[in-house]
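Fold and contact review
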Amino acid sequence: MNSRMKILQATKWAGAITLLVGMMTLMYGIVIGFNNVIGIGIGTMVGAIFIFLMGMFFITTEEMVENTFKGVEMTTPIKSSKVVYLKR
């Protein structure tokens, strides 16, 4: 399995589990009426979205680095021209 697919699967599972816990916490806070728990549930759901987005960022970064044109390897060094410095 490709390393990018492994990262994608791990990101999906971590994000989904965190999102599910956040939704359950939010519902618990709404039913019971604890305002603090509602805030924790919302924060957990936002955190799950950030986890997923960071995983996607890592995958796209790896893809771009792998497919970037690296340039042409030079066999002989470039000879520098003589530079004349003028005194003032």
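Up top you'll find the structure we're talking about.
Residues numbered from 1 in each chain as written. Predicted model: local features only at pLDDT ≥ 70, side-chain atom pairs only at ≥ 80, totals over all residues. Heavy atoms only, no water.

Moving on, we come to the pattern of salt bridges. A full pass over the atoms with the stated rule returns 2 salt bridges. Notably, a salt bridge pairs Glu63 with Arg4, separated by 2.9 Å at the nearest N-O pair. Pair noted here: Glu63 is in helix α2 (residues 35-67) and Arg4 is in helix α1 (residues 3-32), with a separation of 59 residues, a long-range link. With a relative accessible area of 29%, Glu63 lands in the partly exposed category. Look at Arg4 and you get buried, because its relative accessible area is 13%. (Salt bridge = Lys/Arg side-chain N within 4 Å of Asp/Glu carboxyl O. Helix = DSSP H or I, 4+ residues; strand = E, 2+ residues; numbered from the N terminus. Buried < 20%, exposed > 50% of the residue type's maximum accessible area, 1.4 Å probe, protein only.)

Turning next to the environment of Met24. Looking at the element boundaries, Met24 is found in helix α1. Residue class for Met24 comes out exposed when judged on its relative accessible area of 53%. C-alpha separation for the pair Met24 and Met45, spaced 21 residues apart in sequence, amounts to 9.8 Å.

What follows is about the packing of aromatic side chains. Within the structure shown, the criterion is met by 1 aromatic pair. Note on Phe57 and Phe58: the rings are 6.2 Å apart at their centroids and 50° apart in plane angle, and the pair reads as tilted. Look at Phe57 and you get partly exposed, because its relative accessible area is 47%. Residue classification places Phe58 among the partly exposed residues on the basis of a relative accessible area of 47%. (Phe/Tyr/Trp six-rings, centres within 6.5 Å; stacked < 30°, edge-to-face > 60°.)

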